[in-house]
Amino acid sequence: MTALAVEHLDAHHGQLHAVRDVSFTVRSGGRLVLIGANGAGKTTLLRAIAGAHPASGGRVLLGDADVTALPANRRAALGVALVPEGRRLFADMTVEENLLLGRMTGRKGTWNVERVLETFPNLRPRFKARAGDLSGGEQQATAIGRALMGNPDVLLLDELSLGLSPLVVDRVYESLDALMHSGTTIVLVEQDLSRALAVADMVVCMLEGRVVLESPAADVSREQVTEAYFGLRRESGAMEAVS
Amino acid sequence: MSAAHANGAILTAAGLGKRFNALVVLDAVDFSIRPDEAVGIVGPNGAGKTTLLNVLSGALKPNAGTVHFKGNDITGLPAAWRCRMGLGRTHQIPRPFAGMTVLENALVAATHGAGLKRGEAYDQAIAAIELAGMLKVANRRADTLGLLDRKRLELARSLAARPQLLLLDEIGGGLTDAEAGELVATIQELRRREIAIVWIEHIVHVLVRVADRLICMDAGKIIADGSPAEVMADPEVVRAYLGVGPQ
């Protein structure tokens, strides 16, 4: 069953056509990773799926429901959660308060404060701390926890590793391991290819707003990914631009 | 005449370093550009590419190292002087004089950037606008232009200042394939007119259609310098962009 479908989606930033005719589907429980260079449109695409950025064409479907015209809060109530780039916590509120805000989707499910603290044990001693005083890794855990508190069917994770040391990123991913196999549908933006392929079952590579590669993670070669990523093709040692 | 100039380089950066407080953004960067070269600078986000361009153009002062242009040490010179010497640049975000026309914008560059007077300045401005493919919109106000024309105007303004070396900062983003093709043709025409090019660009497949050499930066250092095919096949370059990747 398809959990999320994006059909011919377009999105603009002013005159810049940031997402161009993007289509893909993610099956229920699937884990799709979006890769692509800076400016490829990954963040705008995630935001357009969540309703945080207007689509200028195409459709977003959650299950069978067309949510393209719905605002972000209505989509959240239907089961989409976005963990935005840069975490975007309420800095003056505590970890607990940030987590409780996630319940505003009104969705029933197995996620509660205790389960978030079990998933991210580093948050337990910081539970009453101001979010603005947390380390980067703790903030990221809080942001993911806040999204999970809404019991989403589809979790959109934007560049979890941004601004975190590799060691901290390892820990965030370790904590996410159980979640990755819990049946929640995940769309993940990740710059590090090995990390991306370790967690995902589908890979989509974007270049200048377009999808240039879509493949099961198990079938994709390093060469295919680099060619798609840079828009280059190598033939008998020579290199040419794909256009 | 410096050793660098004697070697035929139009621009030489030696041991360039730049820090923002504790953050090292450029770390012992060395390279030279020949007058007949088009060199692309690539690297992941945060590699230091735009900072390098800012140090070369004089928008930022380096904490270490020197920049030589046409044999002169220009490390301490302000941007306006460098421009007058023939070192031009474009900006990633075009900021033309919004209430002036395309021609008037180019005239400002020809007059103040190249130091030309009246008729000469006018001829230079027209030539720059023509080269950038903007003759038809020469009398349009800058604030009525679309994205592509704003980028063209940025190029026209820098050309009106009569550069011998042009530093291009991400002018290929957000263009359609046809528009990117036009941009490539324009840059190739600049090369025929013996303007050396240093082009920072995320859109690698556009860059390799013009550049005969690529420099890849990561974390403030040059990690590869060679032909586009060599550099883009370099495992260190792929690692810088994509992490370790599938084996």
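A brief look at the structure comes next. In this text, all values refer to a predicted model and were calculated from it rather than measured experimentally.

Looking only at helices and strands, chain A features eight helices and 12 strands. By the compact-globule yardstick of 18 Å for 243 residues, chain A fits well, its C-alpha radius of gyration being 18 Å. Its C-alpha atoms put chain A at 60 × 40 × 35 Å along the principal axes. Per-residue burial over chain A gives 47% buried out of 243 residues. For chain A, the share of sequence-separated contacts (at least 6 apart) that also reach a separation of at least 24 residues comes to 68%.

Let's shift gears to the interface of chain A and chain B. The partner chain B presents 23 residues to the 27 residues of chain A that form the contact. Secondary structure elements with two or more residues in the side of chain A that touches chain B: strand S2 (16-27), helix H7 (193-199), helix H8 (222-230) and strand S12 (238-241) of chain A. Residues of the side of chain A that touches chain B, tallied by class, amount to 13 nonpolar, 10 polar and four charged.

Moving on to unusual backbone geometry. Residues and elements named next belong to chain B. For Arg-118, which is not glycine, the phi dihedral falls at a positive 25°. Counting through the fold element by element, Arg-118 comes out in helix H5 (residues 118-131). Its identity is not glycine, yet Glu-170 carries a phi of approximately 50°, on the positive side. Tracing the backbone shows Glu-170 in the loop between strand S7 (165-169) and helix H7 (177-192).

What follows is about the pairing of strand S8 (residues 185-189) of chain A. Residue and element names in this part refer to chain A. In terms of burial, S8 is a largely internal element, five of the five residues being buried. In S8, alternate side chains face the same way, and those of Thr-185, Val-187 and Val-189 on one face and Ile-186 and Leu-188 on the other are all buried. The pairing of strand S3 (residues 31-36) with S8 spans four bridges and is parallel. Across the sheet, residue Val-33 finds its bridge partner in S8, namely Leu-188. In terms of strand pairing, strand S7 (residues 154-158) meets S8 through five bridges, oriented parallel. Considered in S8, the bridge of Leu-157 is made with Leu-188. Since S7 and S8 lie parallel, the crossover through helix H6 (residues 166-180) that links them has a hand, and here it is right-handed.

As a further point, take the nonpolar core. Core analysis: the biggest nonpolar cluster contains 154 residues, and Leu-156 of chain A together with Ala-106, Ala-156 and Ile-197 of chain B have the highest contact counts within it. With near-sequence residues (within four places) excluded, Ile-197 of chain B lies in contact with Ala-38, Val-39, Leu-166, Leu-168, Ile-187, Leu-190 and Arg-191 of chain B.

The next point concerns the sheet that holds S2 of chain A. The strands that make up a sheet pair up through hydrogen bonds in the backbone, lying either parallel or antiparallel. Residues and elements named next belong to chain A. Across the sheet, which stays open at both edges, the four strands sit in the order S2-S1-S4-S5 with antiparallel pairing between neighbours. Across the chains shown, the open sheet's two edge strands, defined by having one partner strand only, are S2 and strand S5 (65-66). Direction of pairing for strand S4 (residues 57-62) relative to S5: antiparallel, over a ladder of two bridges. Bridged to Leu-62 within S5 is Ala-65.

Quick look at helix H1 (residues 42-50) of chain A now. Burial analysis of H1 of chain A places nine of its nine residues in the buried class, the great majority of the element. Listed as buried for H1 of chain A are Lys-42, Thr-43, Thr-44, Leu-45, Leu-46, Arg-47, Ala-48, Ile-49 and Ala-50 of chain A.

Criteria and thresholds
All residue numbers refer to positions counted from 1 along the written sequence of the respective chain. To read the labels, note that chains go from A and ligands from 1, taken in the order they are written. Reporting in this predicted model follows two pLDDT cut-offs: at least 70 for local features of residues, and 80 or more for side-chain atom pairs to be given and counted; totals over whole chains, interfaces and linings ignore these cut-offs and use all residues. Helix and strand definitions follow DSSP, with helices as H or I runs of at least four residues and strands as E runs of at least two, each counted in order from the N terminus. Radius of gyration here uses only the C-alpha atoms, and the compact-globule reference equals 2.2 Å multiplied by the residue count raised to the power 0.38. Any residue surrounded by 20 or more other C-beta atoms within 10 Å of its C-beta is treated as buried, while 12 or fewer makes it exposed and the intermediate range makes it partly exposed; C-beta atoms here are placed from the backbone. Remark: residues whose backbone-derived C-beta atoms lie within 7 Å of one another are considered to be in contact. By the convention adopted, Pro, Cys, Tyr, Trp, Phe, Met, Ile, Leu, Val and Ala count as nonpolar, Lys, Arg, Asp and Glu as charged, and the other residues, Gly among them, as polar. Strands are labelled as partners when DSSP assigns at least two bridges between them. Think of it like this: strands point away, you trace from the first strand over the helix to the second, and a clockwise trace means the crossover is right-handed. Definition of nonpolar core: a set of buried Ala, Val, Leu, Ile, Met, Phe, Trp, Tyr and Cys residues joined via C-beta atoms within 7 Å.

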